[in-house]
There are 2 protein chains.
Amino acid sequence: MLSINIREFLKHQPLFQQLSDEQRELLVPGTREVRGEKGQVIFQKGDPCDGMYLVVYGKVKLSLIAPSGSEKVMEIFHPGQSFAEAVMFLQRPYPLLGQFVEDGMLLHVSSEVIHQAVRNDPGFALHMLAGLSLRLHALVRDVERYSVENATQRVVNYLLQVCKPHQQGANVHLPVNKNLIASRLNLTPETFSRVLHQLSEEGLIEVNGRDILIRQLPELEQYQPG
Amino acid sequence: MLSINIREFLKHQPLFQQLSDEQRELLVPGTREVRGEKGQVIFQKGDPCDGMYLVVYGKVKLSLIAPSGSEKVMEIFHPGQSFAEAVMFLQRPYPLLGQFVEDGMLLHVSSEVIHQAVRNDPGFALHMLAGLSLRLHALVRDVERYSVENATQRVVNYLLQVCKPHQQGANVHLPVNKNLIASRLNLTPETFSRVLHQLSEEGLIEVNGRDILIRQLPELEQYQPG
């Protein structure tokens, strides 16, 4: 049976990464393994929340069961992710049903041990806030990067579509003004302009008003943003 | 001169959204407007951190200046975003130079007022932790969605590239095995399989081992994940 190093695992959680070793040590007596088989219920909607969970392996789903019995899966958690923190911090009951999607193992950190640490040491809460803030900023950067990549890919695809004469040096005359194209591609005019500018800087296209010269068709076809 | 409702603005910050109105009210005396012109310095690297910032309008950059004088921009913050929270919670000096990229206005929430609230009321810190946790989960969902969209777009582009005979019902024989293709597309084999499965379910392709029948070429060419 797989056994894990709880101290090491906690250290890699955004919530606990900024705690000192001593602060993290206070959590260990309140942390226990929860193993479950596929389909096993972890908590029912409305159960009082007595802690948060970290997924060691396996997958967990949170869902709502309609009165008709149909299930709406709200979220799926993978290894390394955590769930039920917000409910625990707010001291509310679980708003969803939690269930194993496949055989797995979780760590349960009791709300008691966390609340006690926060009460006894304001620095404890500040360090958890710092850990979450750092993680939040990293994620915002990821989302921004993905959004731009996505926008670039959409513009490239559009240019390839309107570029009928498939040859090096094709000249594309945009059929409508840029704001309309941006809106069709579900981009803001600013993002659309930014992407055209970026592709120009990379030497792939040349923009003159509504005329776009595709300088490097094969490169544009192979374009992978990033 | 634009004047804003500080209480309303704080309410929409992830960090403060779960505070009660009374808890948020404690922050108001410690919150002040900071206006600046393009290029103006907000703090120097090494300055003691006396609070966190929220961007109301304009943009801010955080950067490192190398001994040679060259600048490396580490992060840019837009309206609605916040910065310097982690440094404030950890009670460390600013590790970067902060500067207005364009004329703008910020709110500065003093670390004193936040630390005092946390010391006097453990519930204050728990509510901030809940707000950040909720925001974190929403962002993780965004990142997952973008990753899948991105993966799908990459697979679609690959299929279109290997699909030389441009006609409805084209049959593509994958030139190498799926793990190699996945690795070339910088995807895990599981993600690659999942995307093929998804495209099959949508009726765009049919997969038989290494043979892929493109059922709906025009639809595949227009494919926008989401």
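What you see is a predicted model, and the numbers here were worked out from it, not measured in a lab.

Caption draft 1: A look at the packing of aromatic side chains. In this structure the tally under the stated criterion is 10 aromatic pairs over all chains. Summarising the aromatic geometry, the rings of Phe 43 of chain A and Phe 83 of chain A are spaced 6.3 Å apart at their centres and angled 45 degrees between planes, so their arrangement reads as tilted. Taken together, the positions of Phe 43 of chain A in strand 2 (residues 41-43) and Phe 83 of chain A in strand 6 (residues 82-83) put the pair 40 residues apart, joining distant regions of the chain. Take Phe 43 of chain A and Phe 83 of chain A: they sit in the same class, and that class is buried. Their ring planes at 10 degrees and their centres at 5.2 Å tell us that Tyr 53 of chain B and Phe 83 of chain B sit as a pair that is stacked.

Caption draft 2: Focus on the sheet that holds strand 1 (residues 31-36) of chain A. Residue and element names in this part refer to chain A. Read across the sheet, four strands follow the order 1-8-3-6 without closing on themselves; strand pairing throughout is antiparallel. The open sheet has two edge strands with one neighbour each: strand 1 and strand 6. Two elements, strand 1 and strand 8 (residues 104-110), share six bridges in a ladder whose sense is antiparallel. From the neighbouring strand, Arg 35 faces strand 8, where its bridge partner is Met 105. Those strands touched by helix 4 (residues 111-120) are strand 3 (51-57) and strand 8, and its axis lies near 35 degrees from that of strand 8.

Caption draft 3: View of the sheet that holds strand 2 (residues 41-43) of chain B. Residue and element names in this part refer to chain B. Read from one edge to the other, the open sheet built from four strands follows the order 2-7-4-5, with strand pairing classed as antiparallel. Both edges of this open sheet fall to strand 2 and strand 5 (71-77), since each of them pairs with a single strand only. Across the sheet, the mean angle separating the axes of adjacent strands is 35 degrees when strand polarity is ignored. Both strand 4 (residues 60-65) and strand 5 contribute to a ladder of six bridges, which runs antiparallel. Bridge pairing links Ser 63 to Val 73 in strand 5.

Caption draft 4: Examining the interface of chain A and chain B more closely. Each partner contributes to the interface: chain A provides 47 residues, whereas chain B provides 47 residues. When chain A packs against chain B, the two sides together hide about 4000 Å² of surface, and 65% of this comes from carbon and sulfur. Applying the counting rule to chain A against chain B returns two salt bridges. With a closest N to O distance of 2.9 Å, Glu 75 of chain B and Arg 141 of chain A form a salt bridge. At the boundary of chain A with chain B, the tally comes to four residue pairs in polar contact (both at pLDDT 80 or more). Of all the secondary-structure elements, those providing two or more residues to the side of chain A that touches chain B are strand 5 (71-77), strand 6, helix 3 (85-90), helix 4 and helix 5 (122-162) of chain A. Classifying every residue of the side of chain A that touches chain B by side-chain character gives 20 nonpolar, 16 polar and 11 charged.

Caption draft 5: Main features of helix 5 (residues 122-162) of chain B. With 41 residues, helix 5 of chain B should reach 60 Å at 1.5 Å per residue; the first-to-last C-alpha distance of 60 Å fits that figure. Its side-chain oxygen 2.8 Å from the backbone nitrogen of Gly 123 of chain B, Asp 121 of chain B forms the N-cap of helix 5 of chain B.

What counts and how
- Residues numbered from 1 in each chain as written.
- Chains lettered and ligands numbered in written order.
- Predicted model: local features only at pLDDT ≥ 70, side-chain atom pairs only at ≥ 80, totals over all residues.
- Heavy atoms only, no water.
- Phe/Tyr/Trp six-rings, centres within 6.5 Å; stacked < 30°, edge-to-face > 60°.
- Helix = DSSP H or I, 4+ residues; strand = E, 2+ residues; numbered from the N terminus.
- Buried < 20%, exposed > 50% of the residue type's maximum accessible area, 1.4 Å probe, protein only.
- Pairing = 2+ DSSP bridges.
- Contact = heavy atoms within 4.5 Å.
- Axes fitted to C-alpha atoms, helices over the stretch in contact; angles between N-to-C directions.
- Buried area = accessible area lost by both parts, 1.4 Å probe.
- Salt bridge = Lys/Arg side-chain N within 4 Å of Asp/Glu carboxyl O.
- Polar contact = N/O pair within 3.5 Å; in protein donor to acceptor, adjacent residues only side chain to side chain.
- Nonpolar A, V, L, I, M, F, W, Y, C, P; charged D, E, K, R; others polar.
- Expected span 1.5 Å × (residues − 1).

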